[in-house]
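Topology and contacts: notes
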Amino acid sequence: MKPLPRLYAIADASFGDPVRLAEHLFGGGARLLQVRNKKGSARELLQQVERILSVAPADAELIVNDRVDVALIAGTGVHLGQTDLPPHAARRILGFDRIVGFSTHSVEQALRANELPLDYIAVGPIFPTGTKENPDPVLGLEALGAICKVVRKPVVAIGGIKLESAVQVLQTGVSSIAVIRDLLDAPDIASRVRRWFEVLT
Ligand code: TZP
Ligand code: MG
């Protein structure tokens, strides 16, 4: 797999229409984008993903949160949580050409994930976040650095990461930073994405 872009933008339906959010994120230069809709139906999510695919730049990578079925039908990658279908099952369904990512919340989970057929391991929450319901305990930068040292797969840091903390997070050795609120709460999402790229390159 080619290296992950440093910014992993998440178009989260709790911040508005994910299609509109995705257009702004792409407009600012985001090329790795997850569609997250925890409350919508599978049908609504599929429609949103298909509409996002129709406006996505040719070099964009799309990832659907939670739903392997939607990812299969839409032809995208998938991001799995600890209670979603296991990564081996997702691989059997999607094959090896699609991105499969997995959330972990501790050093132990990250080490186990390192042995699974995954393209990246997400680690979080790094900082307190109000975006996820019932988040796991905050890990902090030290645990993130320890995880980056022991796993071979690309690590994506997530949870409460702001533009102001991005450099510190990057210095732990992560491949990419996943962001919701700092991007989607901005008055101009596309310019916020551009500012992130200034900091991350
Ligand atoms: N998983 C761990 S923290 C989190 C998810 C989905 C929320 C990240 O959102 P934010 O707004 O960037 O803290
Ligand atoms: Mg999930």
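The following refers to the structure shown. Computed from a predicted structure; not experimentally measured.

Describing helix α2 (residues 42-55)
- Helix length check: α2, at 14 residues, gives a terminal C-alpha distance of 20 Å against a target of 20 Å (1.5 Å per residue), a fit within 8%.
- Burial in α2 covers these residues: Leu45, Leu46, Gln48, Val49 and Ile52. Buried residues of α2 fall within an arc of 165° about the axis and therefore sit on the same side. In α2, the exposed positions angled more than 90 degrees off the buried face are occupied by Arg43 and Ser54.
- Contacts made by the buried residues of α2 are with α1 (18-28), β2 (32-36), β3 (61-65) and α3 (68-74).

Brief notes about the sheet that holds β2
- The parallel closed barrel is built from eight strands, whose spatial order is β1-β2-β3-β4-β5-β6-β7-β8. Direction aside, the axes of adjacent strands within the sheet are offset by 25° on average.
- Where strand β1 (residues 7-12) meets strand β8 (residues 176-179), three bridges bridge the pair, whose relative direction is parallel. Looking at the pairing, tyrosine 8 lines up with alanine 178 of β8.
- This element, α2, spans β2 and β3 of the sheet and lies at about 170° to β3.

Re the packing of α1 against α2
- Remark: α1 packs on α2, axes separated minimally by 9 Å, with the N-to-C direction vectors making an angle of 30°. With respect to each other, α1 and α2 are oriented roughly parallel. Helix-helix and strand crossings are classified by hand; for α1 and α2 the assignment is right-handed. The residues of α2 that touch α1, namely those facing Pro18, Val19, Ala22, Glu23 and Phe26, are Gln48, Arg51, Ile52 and Val55.
- Among the residues making up the contact of α1 with α2, the classes are represented as six nonpolar, one polar and two charged.

Thoughts on the site of ligand 1
- Near ligand 1, the surroundings consist of Arg36, Pro125, Thr129, Thr131, Lys132, Ile158, Gly159, Gly160, Val179, Ile180 and Arg181.
- Within the backbone of arginine 181, one N or O atom sits 2.8 Å away from an oxygen atom of ligand 1.
- Coverage of ligand 1 by the protein chains reaches 94% of its 370 Å² of free accessible surface.
- Here the shell around ligand 1 is built from residues that sort into four nonpolar, four polar and three charged.

Conventions adopted
- Numbering of residues starts from 1 in every chain and runs along the sequence as written.
- Going through the entries in the order they are written, you letter the chains from A and number the ligands from 1.
- Only residues with pLDDT of at least 70 get local features here, since the model is predicted, and only at 80 or more are side-chain atom pairs given and counted; chain-wide, interface and lining totals rely on the full set of residues.
- Only hydrogens and water are removed before side-chain values are computed, so all heavy atoms of the structure are retained for them.
- Here a helix means four or more residues in a row that DSSP labels H or I, a strand means two or more in a row labelled E, and each is numbered from the N terminus.
- The span one expects for a helix is its residue count, reduced by one, times 1.5 Å.
- For every residue, the accessible area (1.4 Å probe, protein chains only) is compared with the maximum for its type, and the residue is labelled buried under 20%, exposed over 50%, or partly exposed between those bounds.
- An arc is given here, and it is the one of the directions from the helix axis to the C-beta atoms.
- Contact between two residues is taken to exist if any of their heavy atoms lie within 4.5 Å; hydrogens are not considered.
- Following DSSP output, two strands are said to pair if at least two bridges run between them.
- Angles here are taken between N-to-C directions and fall from 0 to 180 degrees, while the axes themselves are lines fitted to C-alpha atoms, restricted in helices to the stretch in contact.
- Relative orientations are named as follows: roughly parallel for angles under 35 degrees, roughly antiparallel for angles over 145 degrees, roughly perpendicular for angles from 65 to 115 degrees, and oblique for any other angle.
- Working rule for handedness: look at the near helix, and if it is turned counterclockwise from the far one by less than a right angle, call the crossing left-handed; if clockwise, right-handed.
- Basically, the charged four are Asp, Glu, Lys and Arg, the nonpolar ten are Ala, Val, Leu, Ile, Met, Phe, Trp, Tyr, Cys and Pro, and anything else, Gly included, counts as polar.
- For this purpose, a residue is taken to be near a molecule or strand whenever a single non-hydrogen atom of the residue falls within 4 Å of it.
- Contacts described as polar in this section are N or O atom pairs within 3.5 Å, which, within protein, must combine one atom able to donate a hydrogen with one able to accept it, while residues neighboring in sequence count only if both atoms come from side chains.
- Methods summary: accessible areas were calculated by the Shrake-Rupley approach with a probe of 1.4 Å, and residue burial reflects only the protein chains presented.

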